[in-house]
Amino acid sequence: MRFNGNHTGQNNYNWFEVKADCGLLEFLLANVQESRSKIKSTLQGRGVKVDGKFVTQFDFPLKPGMKVAVSRSKRTQHPFKNRYVKIVYEDRWLIVVEKNVGILSMAAGHSSLNVKAVLDEYFLRSRQKCRAHVVHRLDRDTSGLMVYAKDMETEQTFEHNWHDIVYDRRYVAVVSGEMENDEGTVANWLKDNKAYVTYSSPVDNGGKYAVTHYRVLGRTVSHSLVEYKLETGRKNQIRVHSADMGHPVCGDVKYGNGDDPLHRLCLHAYVLCFTHPVTGERMEFQTMIPAGFKHLFK
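Residues numbered from 1 in each chain as written. Predicted model: local features only at pLDDT ≥ 70, side-chain atom pairs only at ≥ 80, totals over all residues. Heavy atoms only, no water.

Novice: Any details on the packing of helix α1 (residues 24-31) against helix α2 (residues 36-44)? Residues and values, ideally.
Specialist: As a packed pair, α1 and α2 sit with axes 10 Å apart at the nearest point and diverge in direction by 125°. The pairing of α1 with α2 is recorded here as oblique in orientation. Where α1 crosses over α2, the handedness of that crossing is right-handed. Touching Leu24, Leu25, Leu28 and Leu29 of α1 are Arg36, Ile39, Lys40 and Leu43, all from α2. Tallied by class, residues from the contact of α1 with α2 come to 6 nonpolar, no polar and 2 charged. (Axes fitted to C-alpha atoms, helices over the stretch in contact; angles between N-to-C directions. Helix = DSSP H or I, 4+ residues; strand = E, 2+ residues; numbered from the N terminus. Parallel < 35°, antiparallel > 145°, perpendicular 65-115°, else oblique. Left-handed = near helix turned anticlockwise from the far one by under 90°. Contact = heavy atoms within 4.5 Å. Nonpolar A, V, L, I, M, F, W, Y, C, P; charged D, E, K, R; others polar.)

Take a look at the structure:
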């Protein structure tokens, strides 16, 4: 994850300049008036930046001239553990999570398992006076990165300026068959029919125009590992565009061909980059490609 050097949120940090070679923990013990365990928990809680990048490793080597920033905000003492949701980043305005397959982004019907409810419960337990506001969604069976706002104002900023704020969203998928081209673009109109199945049309069908760029990362004779970069974010866009190419996403019961090597929808949102709606910082997140996906291409 990278940040640019021009922060407007710098006053939330105490800044120190490194004068001599040393390890990060050693430097913090010498410069921050806190116990070793408190400093380690600040490190683990992503409260330390070196030259603008978050660092969690206590033996990170420092060189003279580097700038170390230590967050002034009190870190929550409520460790968060959930089999479906992992917190990747959090500040007072927003929270970025990685969701697992099998959980909805928000409630649909009674008592459905959803990320918003999990986060609301976490905010309550950690005594944060906020709720999770849905900014965008992932299908129940798609895994990967999502951002939620912590207040209506931040949510509205995201909603009204989504295409200006979010500058890189990429997914990785295992698709059926060996892709012919190394890269390309699919563009057409997407519209739902009465059964809520999204279908595409090469001409305007009254639906929404959708553009997907793709790049092949790996191939076997039976499958391809493909990176998708969204220019538009329409419902089921990648799944429909994959099927349009004759290479549906594996494990897709709606648009697929029955090819299901991993017993899951093989679609993962692995890159999310946006300009922070409040501080203006460049926020860049990337998760690992799921191990099962990579295993198919060994």
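Novice: Describe the state of the cysteines, listing the residues and the values that go with them.
Specialist: In total, this model carries 0 disulfides according to the counting rule given. The closest cysteine sulfur to the non-disulfide-bonded Cys250 is located on Cys266, 5.2 Å from its own sulfur. Cys250 sits in the buried class, given a relative accessible area of 1%. (Disulfide = S-S within 2.5 Å. Buried < 20%, exposed > 50% of the residue type's maximum accessible area, 1.4 Å probe, protein only.)

Novice: Give a description of unusual backbone geometry that names residues and reports values.
Specialist: Despite not being glycine, Asn236 shows a phi value in the positive range, around 60°. Topologically, Asn236 is positioned in the loop between β15 (223-230) and α5 (237-244). Exposure remark for Asn236: the relative accessible area of 8% places this residue in the buried category. Despite not being glycine, His263 shows a phi value in the positive range, around 55°. Positionally, His263 belongs in the loop between α5 and β16 (267-275).

Novice: Now, about the side chain of His136: what can you tell me, with residues and values included?
Specialist: Within the secondary structure, His136 sits in the loop between β9 (133-134) and β10 (143-149). Within the structure, His136 has its side chain in polar contact with the backbone nitrogen of Val147 (distance 3.0 Å). If we skip the residues at most four places from it in the chain, His136 touches Leu145, Met146, Val147, Trp162 and Arg169. (Polar contact = N/O pair within 3.5 Å; in protein donor to acceptor, adjacent residues only side chain to side chain.)

Novice: Residue-level account of the packing of aromatic side chains, with values.
Specialist: Each aromatic ring pair is characterised by the separation of its centres together with the angle its planes make. Taken as a whole and assessed by the stated rule, the structure comprises 10 aromatic pairs. An aromatic cluster of three or more residues is present, and its members are Phe54, Tyr89, Phe158, Trp162, Phe274 and Phe285. Over the ring of Phe58 we find Lys40; its NZ or CZ atom is 4.9 Å from the centre of that ring. In this structure, Lys49 is placed above the aromatic ring of Phe54, and the distance from its NZ or CZ to the ring centre is 5.2 Å. (Phe/Tyr/Trp six-rings, centres within 6.5 Å; stacked < 30°, edge-to-face > 60°. Lys NZ or Arg CZ within 6 Å of the ring centre and 35° of its normal.)

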